[in-house]
Amino acid sequence: MTRDAAIVAAYEHPAPRKAPDYTPLRFIGESARGALDQCGLRPSDIDGIATTGETMAPVSIAEYLDIHPRWIDSTGIGGSSFLSHIMHARDAIRQGHARAVLIVYGSTARSSAAAFGSQVRDQVVVDPMAVDDAEAYLHPYGVVLASQYALVASRHMHQYGTTRAQLAEIAVACRTHAGLNPNALYRDPITIDEVLEAPPIATPLHRLDCCVITDGGGAVIVADTDLLSDVKGHGVAILGGAEAVGHTEMGQRDLVDTAAAGSGPRAFGEAGIRHDDVDLLMVYDSFTITVMTVLEGLGFCKPGEGGPYVEGGRLLLDGDLPLNPDGGALSNTHPGRRGLFLAIEATRQLRGEGGPRQVADATVAVCHGVGGYLGHRHSGVTLVLGGMA
Amino acid sequence: MSTGTLPPRPLPRVTPESAAYWAGGLEGNLLIGRCDDCDRLHHPPHAVCPGCWSSNVTAVPAKGTGTVEAVSVVHRNGVPALKARLPYAIGYVSLDEGPRVTASVVGCPPDDVTIGMRVQVDFEPLSDEVAIPVFVPAP
């Protein structure tokens, strides 16, 4: 009999978005417990672990939770990593390397005042094994993370006539949805004009084009579907997944080309879905331009047509393609490396647990994570999830 | 170019692969990589050609002229040396030889830097072994 795997738990830690009493490990431990409670598994059932962080992170977490996993994944490709972990866990379970994989994350990015969006490091610690030499060519100039994404926005606007008001549609949609999420950091509605008039961070991106930074944690459990008869709740199918890399191509790259164009078609192909099958889209909305380029890369519209595509409320809950019902990184939560939260909200939606922000009849969700610097080295991971009701 | 009383910029980390590139600026040269086997040009400098993975790579001076392909004016940075320079323009510059370089565009108000603008390289010496390329509007 062929083995298969499904998401059997998806837990978002309910702590406030600023939680100075927490450590990353406390978030991780409590999120792991919360995920177990959702599905009825016990700590001793967990035989695989995946996370991203510093090099030894999975080992440290295994010790903290006193588990002895026989399968480990520490793929670290930025904020998209967790979507890779879910795909890898599915494949490992299909091959018999594990039966229940815990994918977990915790961060105190806000309490630690890690201004990673608009600051470059003053001191560079030399790691003799480091292969990332990009910093040297960027940090003397004050190239911040936001300015790398801003360069893409600048090029997109120039090349395609995209306007800041069109980018603002994305921020307004996420804020509108955050208003329906009692845990979201920012819930008050905003207008396109308010996005346009917000203070500039790195032009053409202004403050409301940029994601928030919060504390937070969460956990997903991917398990052998044979365990499902033993557990409460119901699973979510991992229908398709694919990874890609985008980089400078050593000076040859066009800024508007992103990794989503590589991962998207392969993930859709594995899942056997078409664009009009997609009920909701979860995108790592680090910046408004990230979402626009992902929409194009995934093929929801043609390259350069993202601006007109997002107009007219298309991304709202009752639109053709609801985006980030939880409010996204732009308005809800972003403890760095947001990828895990994309899968958590998609799972809630596919289980019909969205409450006031539930997308009607949601059966297919697409998650896409962008890790790293969109205008520079980045990863793209697309995951297609489906309800099993 | 004078930087007035501004605090010094952060120094790049110099490695065996990048030393010649940073030192080239001290002599007024913007060096780009050229593969002697497949002729591919590349930036930033690497010991191995990104096209054919040959080690027969030579650093050659670029003309130093190019076109701004994208620009962002940075308004927020907490690092003191860079905060003192706010707002400043970062350009993605396409060199006439092909490779693109991300660098500061100076010599005009940052908001005057536009896509399509012709620029030429200039250098800011930061130490005895490093002068970083920046771009200024072409005359």
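Residues numbered from 1 in each chain as written. Chains lettered and ligands numbered in written order. Predicted model: local features only at pLDDT ≥ 70, side-chain atom pairs only at ≥ 80, totals over all residues. Heavy atoms only, no water.

K.L.:
Teacher, can you tell me more about the sheet that holds strand β3 (residues 57-61) of chain B here?
P.N.:
Sheets are built from strands paired through backbone hydrogen bonds, the pairs being either parallel or antiparallel. Residue and element names in this part refer to chain B. In space, the 3 strands of this open sheet follow the order β2-β1-β3, with antiparallel pairing throughout. Of all the strands in the sheet, just β2 (41-42) and β3 have a single pairing partner and so form its edges. Bridging between strand β1 (residues 31-35) and β3 involves 5 bridges; their strand directions are antiparallel. Bridge pairing in β3 places Cys35 opposite Val57. (Pairing = 2+ DSSP bridges. Helix = DSSP H or I, 4+ residues; strand = E, 2+ residues; numbered from the N terminus.)

K.L.:
Sorry if this is basic, but what is going on with the pattern of salt bridges here?
P.N.:
Side chains that differ in sign of charge can pair as their charged atoms come close. In total, this model carries 22 salt bridges over all chains according to the counting rule given. Between Arg90 of chain A and Glu270 of chain A there is a salt bridge, with its nearest N and O atoms 3.0 Å apart. Highlighted residues: Arg90 of chain A in helix α3 (residues 81-94) and Glu270 of chain A in helix α8 (residues 260-271), separated in sequence by 180 residues. According to the relative accessible area criterion, Arg90 of chain A is buried, its value standing at 2%. Classification of Glu270 of chain A by relative accessible area gives partly exposed; the value is 40%. Notably, a salt bridge pairs Arg34 of chain B with Asp36 of chain B, separated by 3.2 Å at the nearest N-O pair. (Salt bridge = Lys/Arg side-chain N within 4 Å of Asp/Glu carboxyl O. Buried < 20%, exposed > 50% of the residue type's maximum accessible area, 1.4 Å probe, protein only.)

K.L.:
Would you take a moment to explain the confidence of the model for chain B for this structure?
P.N.:
Reading fine detail from the predicted coordinates is not recommended where pLDDT is low. Mean pLDDT over chain B stands at 95; residues scoring 70 or higher make up 97%. For this predicted complex, the interface confidence reaches an ipTM of 0.96, while the overall pTM sits at 0.95. (pLDDT = per-residue confidence, 0-100.)

K.L.:
Please explain the packing of aromatic side chains as it appears in this structure.
P.N.:
Between two aromatic rings, the relevant description is the distance of the centres plus the angle of the planes. Tallying each qualifying case throughout the model produces 7 aromatic pairs over all chains. Between Phe268 of chain A and Phe300 of chain A, the aromatic rings sit 6.1 Å apart at their centres with planes inclined by 75°, giving edge-to-face as the arrangement. Of this pair, Phe268 of chain A sits in helix α8 while Phe300 of chain A is found in the loop between α9 (288-298) and α10 (306-310), placing the two residues 32 residues apart along the sequence. Each member of the pair Phe268 of chain A and Phe300 of chain A is classed as buried. One aromatic cluster in this structure is built from Tyr137 of chain A together with Tyr21 and Trp22 of chain B. Above the plane of the ring of Tyr22 of chain A lies Arg26 of chain A, whose end atom (NZ or CZ) is 3.7 Å from the centre. The aromatic ring of Tyr309 of chain A is capped on one face by Arg314 of chain A, whose charged end is 4.0 Å from the ring centroid. (Phe/Tyr/Trp six-rings, centres within 6.5 Å; stacked < 30°, edge-to-face > 60°. Lys NZ or Arg CZ within 6 Å of the ring centre and 35° of its normal.)

K.L.:
Got a minute to help me understand the pairing of strand β6 (residues 100-105) of chain B in this structure?
P.N.:
For a regular strand, side chains alternate in direction, first toward one face of the sheet and then toward the other. Residue and element names in this part refer to chain B. Most of β6 sits out of view: 6 of its 6 residues are buried. As defined by bridge partners, strand β5 (residues 88-95) adjoins β6 across 6 bridges and the pair is classed as antiparallel. Each residue of the ladder has a partner; that of Ser94, found in β6, is Arg100. Following β5, the chain reverses through 4 residues before pairing antiparallel with β6; Gly98 in that reversal takes a positive phi of roughly 130°.

K.L.:
Would you explain the sheet that holds strand β3 (residues 71-73) of chain A in this entry?
P.N.:
Residue and element names in this part refer to chain A. One open sheet holds the 9 strands; their spatial order is β3-β2-β4-β7-β1-β8-β11-β10-β9, and the pairing between them is mixed. Looking along the sheet, the strands with just one partner apiece sit at the ends: β3 and β9 (280-283). The sheet shows a mean angle of 25° between the axes of neighbouring strands, direction not considered. The strands that α9 touches are β9, β10 (364-372) and β11 (378-387); relative to β10, the one it contacts most, it runs at about 120°. Docked against the sheet, helix α12 (residues 339-350) engages β1 (5-12), β4 (100-107), β7 (216-224), β8 (236-246), β9, β10 and β11, running at close to 65° with respect to β7. (Axes fitted to C-alpha atoms, helices over the stretch in contact; angles between N-to-C directions. Contact = heavy atoms within 4.5 Å.)

K.L.:
How should I be thinking about helix α5 (residues 145-160) of chain A in this particular structure?
P.N.:
An α-helical segment advances 3.6 residues per turn. Residues three or four places apart therefore align on the same side. All names here are of chain A. Counted at 1.5 Å a residue, the expected span for α5 with its 16 residues is 22 Å, and the 23 Å between its end C-alpha atoms agrees. Listed in full, the buried residues belonging to α5 are Leu145, Ala146, Ser147, Gln148, Tyr149, Ala150, Leu151, Val152, Ala153, Ser154, Arg155 and His156. Downstream of α5 by one or two residues, Gly161 has phi in the positive range, about 80°. (Expected span 1.5 Å × (residues − 1).)

K.L.:
Whenever I open this one, the nonpolar core confuses me. Can you help?
P.N.:
Soluble, globular proteins show a tendency: their nonpolar side chains are buried together. Ranked by internal contacts, the top residues of the largest apolar core, which has 88 residues, are Leu281, Ile289, Leu295 and Phe300 of chain A together with Phe135 of chain B. With 7 residues, the single largest contributor to this core is α5 of chain A. Residues in contact with Phe135 of chain B, not counting those within four places in the same chain, are Leu30, Gly64, Val93, Leu95, Val101, Ala103, Ser104, Val105, Val106, Val119, Gln120 and Val121 of chain B. Counting residues in each nonpolar core, the second largest holds 37 residues, with Val220, Val236, Ala346 and Val359 of chain A among its members. (Core = buried A, V, L, I, M, F, W, Y, C linked by side-chain atoms within 4.5 Å.)

K.L.:
Explain helix α2 (residues 57-64) of chain A to me, please; I cannot follow it from the model alone.
P.N.:
All names here are of chain A. Every buried residue of α2 is listed here: Ala57, Pro58, Ile61 and Ala62. Down the axis of α2, the buried set is contained in an arc of 135°. They therefore lie on one face. Residues of α2 that are buried in the fold lie against α1 (24-39), β2 (48-50), β3 and β4. Downstream of α2 by a residue or two, Asp66 has a phi angle that is positive, lying close to 50°. (Arc of directions from axis to C-beta.)

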